[in-house]
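Observations on the model geometry
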Amino acid sequence: MPVPNPQDKLAVVVLASGEGTNLQAILDCAATGELPVKVHAVISDRSGTPALQCARRADAAAQICAAADYPEREHYDAALSRHIDQYKPGLVVLAGFMRILGGHFVDHYRGRLLNIHPSLLPKYRGLHTHRRVLAAGDREHGCSVHFVTRTLDSGPVIAQIKVKVMPGDSEDTLRARVLRQEHRLYPEVIGWFARGRLRLDDSHVVLDGKRLQSPVMLPAQEQDQ
Ligand code: NHR
Ligand code: GAR
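To start, this report covers the structure provided alongside it. Just so you know, these numbers come straight off a predicted model, no measurement behind them. (Residues numbered from 1 in each chain as written. Chains lettered and ligands numbered in written order. Predicted model: local features only at pLDDT ≥ 70, side-chain atom pairs only at ≥ 80, totals over all residues. Heavy atoms only, no water.)

For the structure on display, the rule yields 2 aromatic pairs. Between Tyr70 and Tyr76 the ring centres are 5.9 Å apart and the planes differ by 70 degrees, which places this aromatic pair in the edge-to-face class. On the basis of relative accessibility, which here comes to 0%, the residue Tyr76 falls in the buried class. Between Phe105 and Tyr109, the ring centres sit 4.8 Å apart and the planes meet at 50 degrees, which makes this aromatic pair tilted. The same class applies to Phe105 as to Tyr109, namely buried. (Phe/Tyr/Trp six-rings, centres within 6.5 Å; stacked < 30°, edge-to-face > 60°. Buried < 20%, exposed > 50% of the residue type's maximum accessible area, 1.4 Å probe, protein only.)

The following block contains the structure:
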């Protein structure tokens, strides 16, 4: 058996469709050494996204796997897997990735595929969460990191941060408040995984050897509590 070297960094591939601010938060923590990971590649389903620029600046491979090239979802998923598996990642991170992934794909990465979602799951699965929270008149909102399983936004939740909904909030102000917390939540959870503290066991989240009964709640930064 090879002896694990504590200096070894976990190989990570990030899938991102958009701005890439969560990606940037992860790259920043990796650069300081706070996060023992190396982001080998960033793959986007669209060309010209800011996320790809972030990747290039950080010397990670920036690849496009365009949905338009694969009319069938299964073919797209298979192509995406081929891109990812070149890098032999120990962890695949969805960071604002906007395409639903099929069961085959998800099963292949089971236990090593994470997503960040802008709501307090199980509330507000799917898209336009900030708009829906405002329309419902909720007083609190937040973000969740979960293991991805076959059912959309329904995989076991690992950790969450709550924020207050303020009077006068617009979709944009609320999105910005949640996003600030996403940038803290995702590196924290990825760090647990990279240090071998976190795993998925039979649909249960195990942290430090114990099954979680409910997600870990991390405190928001004071200004956003
Ligand atoms: N795939 C599976 N199987 N399970 C999950 O939990 C997934 C997933 C793929 C992506 C991220 C998710 C989110 O955090 C995610 C979780 C895209 C859509 C969507 O409706 C919904 C949820 C998420 C990502 N996408 C449309 C589609 O037809 C396209 C929307 C667009 O391009 O703007 O794929 O919210
Ligand atoms: C984040 O708020 C993320 O939680 C959300 O999109 C944003 C991406 O921002 N994800 C989804 O809605 C997935 N459907 P970023 O590109 O700046 O990280």
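Further notes follow.
Take Ile190: it is sitting in helix 6 (residues 171-194). A relative accessible area of 0% places Ile190 in the buried class. On a C-alpha basis, the gap between Ile190 and Leu114 in space is 8.5 Å, while along the polypeptide they are 76 residues apart. Discounting residues that sit within four places of it in the chain, Ile190 has contacts with Ile26, Leu35, Val37, Leu91, Val93 and Leu114. (Helix = DSSP H or I, 4+ residues; strand = E, 2+ residues; numbered from the N terminus. Contact = heavy atoms within 4.5 Å.)

Those residues of helix 2 (residues 50-57) that sit buried are Ala51, Leu52, Cys54 and Ala55. Relative to the axis of helix 2, the buried residues are bounded by an arc of 155 degrees and lie together on one face. Buried residues along helix 2 sit in contact with helix 1 (21-32), strand 2 (37-44) and strand 3 (61-64). Looking one or two residues beyond helix 2, the residue adopting positive phi is Asp59, at roughly 65 degrees. (Arc of directions from axis to C-beta.)

Turning next to unusual backbone geometry. The linkage connecting Leu121 with the following residue, Pro122, adopts the cis geometry, with an omega of 15 degrees. Considering the arrangement of structural elements, one finds Pro122 in the loop between strand 5 (113-117) and helix 5 (129-136). Unlike most non-glycine residues, His128 shows phi in positive territory, near 55 degrees. Among the structural elements, His128 can be located in the loop between strand 5 and helix 5. Judged by its relative accessible area of 47%, His128 is partly exposed.

Take it as geometry only, folks, not as evidence of what the structure does.
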